[in-house]
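Read off the chains here:
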Amino acid sequence: GKLLDRVYNTYLLMHTHQTVEFVRRKSAQYGSCSLRRMSVMEALELLDQLVDESDPDVDFPNSFHAFQTAEGIRRAHPDKGRAGARPCPRRPPPRSPAPRVTRRRSPPDWFHLVGLLHDLGKVLVLFGEPQWAVVGDTFPVGCKVQKLRGSLPVGAQPLPTPPSLSEYMYQVMKFNNFALPKEVSSAWGGPPGGLGVRGERPQSASPPPQAFYMIRFHSFYPWHAHGDYGHLCSEEDRRMLPWLRELNKFDLYTKQEELPDVQQLRAYYQGLIDKYCPGQLCW
């Protein structure tokens, strides 16, 4: 049908034009965070104008999907986000009673915010980028591309080999935060962190590394859903995998025709934004 044709054409353009050179050029263009200034809620409101052409399940603005995902996490995990204390090695009992120490734990709400913000990079489309450069499942560039399972409609024709495979038979480094990108650059776009964001006001709390990892790699379905590219993973990546899969449950299975009442939910999520990423941000 028309919707599935739209999905296939988006991935066709993506696998035709996403090359190592393209990734480098776009990373340099947006890495300085000098595009514009706006708050997180203003960016979310921009997504009212975006319908993701790579998604065969929805045909409504992406802003609603953000709130659907966040609310799905909030219902299932009202206290999810507690990092928990690492187990301590056994020690001999002290000679005198030690004072009781209260361990500081991560606040329980950052996972809800991850659900709200996981697709925020798609505002790049509204800044003038074509959808094939922003949306859809992430795949590596500059190395052999494994089978793209789950991204295309059933029965669709196979996609061509991206030009990057013939141009570059080496792996390049795009980001330095985690191990996977040290081994291979991902296709540039919104979900993997193609759009840089920098805050100017101090936040009252900082999300743990799991939050940033989920936002960055949640669209890397060939790895976290199908097990491809496992040879590029580090122990850190494997430790993060359960978090990616937990987010994936709500990213995929909260899409409904019944849209959330955003105005009713706004106050709760504005509180999270004020806590973790307040004020005007540089994009």
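Residues numbered from 1 in each chain as written. Predicted model: local features only at pLDDT ≥ 70, side-chain atom pairs only at ≥ 80, totals over all residues. Heavy atoms only, no water.

K.L.:
So what's going on with the nonpolar core? Which residues, and what values?
P.N.:
As a rule of thumb, nonpolar side chains are buried together in soluble globular proteins. Within the largest apolar cluster, 61 residues are counted, with the highest numbers of intra-cluster contacts made by Val40, Leu44, Trp110, Leu113, Leu116, Leu120 and Met214. Counting only elements with at least two residues in this core, the list comes to α1 (2-17), α2 (20-30), α3 (40-46), α4 (62-76), α5 (110-117), α8 (209-217), α10 (235-253) and α11 (262-276). (Core = buried A, V, L, I, M, F, W, Y, C linked by side-chain atoms within 4.5 Å. Buried < 20%, exposed > 50% of the residue type's maximum accessible area, 1.4 Å probe, protein only. Helix = DSSP H or I, 4+ residues; strand = E, 2+ residues; numbered from the N terminus.)

K.L.:
Describe the side chain of Thr19, and please don't skip the residues or the numbers.
P.N.:
With respect to the helices, strands and loops of the structure, Thr19 is situated in the loop between α1 and α2. A polar side-chain atom of Thr19 sits 3.2 Å from the main-chain amide nitrogen of Phe22. (Polar contact = N/O pair within 3.5 Å; in protein donor to acceptor, adjacent residues only side chain to side chain.)

K.L.:
Please provide a residue-by-residue account of α5, values included.
P.N.:
The element α5 is largely enclosed, with a buried count of eight among its eight residues. All buried positions along α5 are accounted for by Trp110, Phe111, His112, Leu113, Val114, Gly115, Leu116 and Leu117. Those residues of α5 hidden inside the fold are in contact with α3, α4, α8, α10 and α11. (Contact = heavy atoms within 4.5 Å.)

K.L.:
Talk me through unusual backbone geometry; I want residue IDs and the actual numbers.
P.N.:
The phi angle of most residues is negative, glycine excepted, and most peptide bonds adopt the trans form. A positive phi angle, near 55 degrees, is found at Cys33, a position not held by glycine. Checked against the element boundaries, Cys33 lands in the loop between α2 and β1 (37-38). Using a relative accessible area of 9% as the deciding quantity, one classes Cys33 as buried. With phi around 65 degrees, Tyr229 is a residue other than glycine that occupies positive phi space. Locating Tyr229 in the fold gives a position in the loop between α9 (221-224) and α10. For Tyr229, a relative accessible area of 2% corresponds to the buried category.

K.L.:
Mind laying out the UniProt feature "binding site: Fe cation" (unreviewed entry) in the chain, listing which residues take part and the relevant values?
P.N.:
UniProt records the feature "binding site: Fe cation" (unreviewed entry) for His65, His118, Asp119, His218 and Asp251 in the present numbering. The largest pairwise C-alpha distance within this set of annotated residues, which runs over 187 residues, is 14.5 Å, so the set is compact in three dimensions. Relative to the elements of secondary structure, Asp119 occurs in the loop between α5 and β2 (140-141). When its relative accessible area of 6% is taken as the criterion, Asp119 is described as buried. For Asp119, the side chain forms a polar contact with the side chain of His118, separated by 3.3 Å. Residue placement: Asp251 occurs in helix α10. (UniProt positions renumbered as here; feature names shortened; annotations may be inferred.)

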